[in-house]
Amino acid sequence: MKEILAGILKYIKILLIVLVVISIISVIISRVFEFATSAVFYYAAMISFIVAFLSVSGSVKSAADSNYMRASPSVHDSSKESMRLRESSFGFLIFMTIIGALLMIISNLLARSGL
């Protein structure tokens with residue numbers, strides 16, 4: 001039980017660090033280029049969603065490539081590696097989707113406050 005809680009806390013900590021870094025970059029961009037801060041956060045959320053989608057679509061494409069399957073030493077090893085990459089991609093999809101949703105919430109809060 002402690003390992004699960006420690007893993008969840010580590011995931012939340014990494015999530016918050018990435019969110020803070022993206023937020024700082026978004027605020028700097030909005031100040032330098034004089035854009036509305038809420039719009040910059042909105043576009044950051046959209047970029048996050050696009051990156052999440054592309055990470056999964058790339059892993060699916062490489063898993064279905066027949067030339068990749070023929071070049072590998074064994075089908076079992078390549079399918080095991082493909083499954084590991086797919087699981088990793090879906091983990092990244094979930095991570096970036098959470099980041100995007102949080103950025104979208106921040107964008108909506110900023111838009112309601114007029115920033």
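Up top you'll find the structure we're talking about.
Residues numbered from 1 in each chain as written. Predicted model: local features only at pLDDT ≥ 70, side-chain atom pairs only at ≥ 80, totals over all residues. Heavy atoms only, no water.

Chemist: Which residues make up the nonpolar core, and what values do they have?
Modeler: Within the largest apolar cluster, 12 residues are counted, these being Leu15, Leu19, Phe41, Ala44, Ala45, Ala52, Phe95, Met96, Ile99, Leu103, Met104 and Leu110. For this core, the secondary structure elements donating two or more residues are helix H1 (2-32), helix H2 (37-63) and helix H4 (75-113). With six residues, H4 is the single largest residue contributor to this core. If we ignore the near neighbours within four places in the chain, the residues touching Leu103 are Leu19, Ile22, Ser23, Phe41, Ala44 and Ala45. (Core = buried A, V, L, I, M, F, W, Y, C linked by side-chain atoms within 4.5 Å. Buried < 20%, exposed > 50% of the residue type's maximum accessible area, 1.4 Å probe, protein only. Helix = DSSP H or I, 4+ residues; strand = E, 2+ residues; numbered from the N terminus. Contact = heavy atoms within 4.5 Å.)

Chemist: If you had to explain the environment of Arg112 to someone new, which residues and values would you point to?
Modeler: The residue Arg112 is located in helix H4 in this model. In this structure, the C-alpha to C-alpha distance between Arg112 and Ser38, residues 74 residues apart in sequence, is 9.0 Å.

Chemist: Go over H1 with me, naming the residues and quoting the values.
Modeler: Here H1 contains 31 residues, and its C-alpha end-to-end distance of 45 Å stays within 8% of the 45 Å for a straight helix at 1.5 Å per residue. For H1, the full list of buried residues reads Leu15, Leu19, Ser23, Ser26 and Ser30. Glu34 occupies a position one or two residues after H1 and carries a positive phi of about 55°. (Expected span 1.5 Å × (residues − 1).)

Chemist: Tell me what's going on with the side chain of Ser107, and back it up with residues and numbers.
Modeler: Looking at the secondary structure, you find Ser107 in helix H4. Ignoring sequence-local partners within four residues, the contact set of Ser107 consists of Ser38, Phe41 and Tyr42.

Chemist: Now, about the packing of aromatic side chains: what can you tell me, with residues and values included?
Modeler: Here a ring pair, both rings aromatic, is described through the centre-centre distance and the interplanar angle of the planes. In total, this model carries three aromatic pairs according to the counting rule given. For the pair Phe33 and Phe35, a centre-to-centre distance of 5.9 Å together with 25° between the ring planes defines the contact as stacked. With relative accessibility at 54%, the residue Phe33 sits in the exposed group. With centroids separated by 5.7 Å and ring planes inclined at 70°, the aromatic side chains of Tyr42 and Tyr43 adopt a geometry described as edge-to-face. A relative accessible area of 37% means that Tyr42 is categorised as partly exposed. (Phe/Tyr/Trp six-rings, centres within 6.5 Å; stacked < 30°, edge-to-face > 60°.)

Chemist: Run through a nonpolar patch on the surface, naming residues and quoting values.
Modeler: Taken together, the side chains of Ile17, Val20, Val21, Ile24, Ile25, Ile28, Ile29, Val32, Phe33 and Phe35 make up a nonpolar region of the molecular surface, amounting to roughly 940 Å² of accessible area. Assessed through its relative accessible area of 43%, Val21 is described here as partly exposed. (Patch = residues over 30% accessible without salt bridge, like charges linked within 9 Å, V, L, I, M, F, W, Y side chains within 5 Å. Areas by Shrake-Rupley, 256 points an atom, 1.4 Å probe, with all protein chains shown as cover. Salt bridge = Lys/Arg side-chain N within 4 Å of Asp/Glu carboxyl O.)

Chemist: Can you lay out unusual backbone geometry for me, pointing to particular residues and giving the numbers?
Modeler: A positive phi is found at Glu34, a non-glycine position, where the angle reads about 55°. By the secondary structure assignment, Glu34 is in the loop between H1 and H2. Its relative accessible area of 72% is what places Glu34 among the exposed residues.

That is the geometry; function is a separate question.
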